[in-house]
Amino acid sequence: MRNMSKPSGVCDVSNDAASVRVRSVHGQTTVKATSNGGTSKVIYLTAFFLLGQMVGLSPAAVDVPQSPGDLRVTDLRCEYQVNPLGIDVKRPRLSWKLQSEQRGEKQTAYRIRVADVDGNRLWDTGKVDSDRSIHIEYGGRPLSSRLRCTWKVRVWDKEGNPSPWSAPASWEMGLLGRDDWQAKWINDGKANPTKDEDFYKEDPAPLFRKTFDLPKAARKARLYITGLGYYEASLNGQPVGDHALDPAWTVYSKRVFYSTYDVSELLRDGTNSLAVTLGNGWYNPLPLRMWGHLNLRKHLTIGRPRFIAQLEIELADGTRTTIVSDVSWKVTEGPMRRNSIYLGEVY
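Summary of the structure given here. (Residues numbered from 1 in each chain as written. Predicted model: local features only at pLDDT ≥ 70, side-chain atom pairs only at ≥ 80, totals over all residues. Heavy atoms only, no water.)

### Let's talk about the overall build of the protein
Within the protein one finds two helices and 23 strands. Across the 347 residues that make up the protein, the buried fraction comes to 37%. Sequence-distant contacts, at least 24 apart, represent 69% of the contacts inside the protein between residues at least 6 apart. Carbon and sulfur atoms provide 51% of the accessible area of the protein, an area that totals close to 20,500 Å². (Helix = DSSP H or I, 4+ residues; strand = E, 2+ residues; numbered from the N terminus. Buried < 20%, exposed > 50% of the residue type's maximum accessible area, 1.4 Å probe, protein only. Contact = heavy atoms within 4.5 Å. Areas by Shrake-Rupley, 256 points an atom, 1.4 Å probe, with all protein chains shown as cover.)

What follows is the structure, encoded as structure tokens:
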């Protein structure tokens, strides 16, 4: 929980009021009187006497008014991410952070509302008595591929006062089933060398390209893409996303991570070009002998680098078109002459 300290303004006011009273109570009060003989006498009234007088005369004077609760919900996240795309778990976990100017403030209950982009309610938890604010599993209507969800949260503070609703956040589902993928895995069609020494010869990274025409402006576009080995994608000459060394390493015989990109701003009316460059990565390593004897190629799932890509486009008039990786793509040798996860690149 962040920013839970009392604001300096409140502290200053409270401390000043207390210090003024402390000085007036504990400081000695001097009273001068003149006797008949003309000599001055000084009478000191003790702090205990004055404290009793102040309490008796003004019992409310030492009370400091409390500010009303101001607990707020911020930084909404789905599966650790802010407004993510491509969520492929059917019960995403939701989290948020709290802010308050009051010391010792806390959440005692929460309420989550989730809806689709048309405003149809998918889930409403109602008021849940709990201080949990991380990993709240979605528990509403089943989520389908590509569904975009918006959500917001409100909480109750330690006094039972409700917070305002948070600013809305969102997440978008990815491709949840195999049938959602129309694209095919493709590579450059070459075979890997059969001799270890031939792996060290020049073998340019393949460059793939697909051109297509759009009759109208694009309203929304999503690129779903991954590779065996590394890949870099560009659309109309502009890099897609900011990932490097994508995808992350996995046991390729079991699973491969894919990425989802919003490429709506990279498309244009007329002719467009989607390009992909492939690198060897962990899918096509050199036959290096680790520790003098361990050949990576005998212990990893290996092959010729390849990728799969699916670009789904919704035009301004609501019509949809899909560009997929298949045998219609053009391929040529790129400028990267050699590349290795251990030995780097030769350009």
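### Description of the pattern of salt bridges
Applying the stated criterion to the full structure yields 24 salt bridges. We note a salt bridge from Arg-72 to Glu-101, for which the minimum N-O separation is 3.9 Å. Taken together, the positions of Arg-72 in strand β3 (residues 72-78) and Glu-101 in the loop between β4 (93-99) and β5 (109-116) put the pair 29 residues apart, joining distant regions of the chain. Here Asp-180 and Arg-146 are joined by a salt bridge, their closest N and O atoms 3.6 Å apart. Linking Asp-180 in the loop between β9 (169-172) and β10 (186-187) with Arg-146 in the loop between β7 (136-137) and β8 (148-156), this pair joins segments that are 34 residues apart in sequence. Because the salt bridges share partners, they merge into one network encompassing Arg-111, Arg-113, Arg-121 and Asp-124. (Salt bridge = Lys/Arg side-chain N within 4 Å of Asp/Glu carboxyl O.)

### A look at the sheet that holds β3
Here three strands make up an open sheet; going across it, the order is β3-β4-β7 and the pairing antiparallel. Lying at the two open borders of the sheet, with one neighbouring strand each, are β3 and β7. Note: β3 against β4, five bridges, orientation antiparallel. Within the sheet, the bridge partner assigned to Cys-78 lies in β4 and is Leu-94. (Pairing = 2+ DSSP bridges.)

### Observations concerning the sheet that holds strand β14 (residues 238-239)
Here five strands make up an open sheet; going across it, the order is β14-β13-β16-β11-β21 and the pairing antiparallel. A strand with exactly one partner marks an edge of an open sheet, and here the two such strands are β14 and β21 (330-333). Pairing analysis gives four bridges linking strand β11 (residues 206-214) to β21, with the strands arranged antiparallel. Along β21, the bridge assignment pairs Pro-206 with Glu-333.

### Looking at the pairing of β8
Bridge analysis of β5 against β8 gives eight bridges, and the strand direction is antiparallel. The residue bridging Arg-113 from the neighbouring strand is Lys-152, located in β8. Pairing of β8 with β9 involves four bridges; the strand directions are antiparallel. The residue bridging Arg-148 from the neighbouring strand is Glu-172, located in β9.

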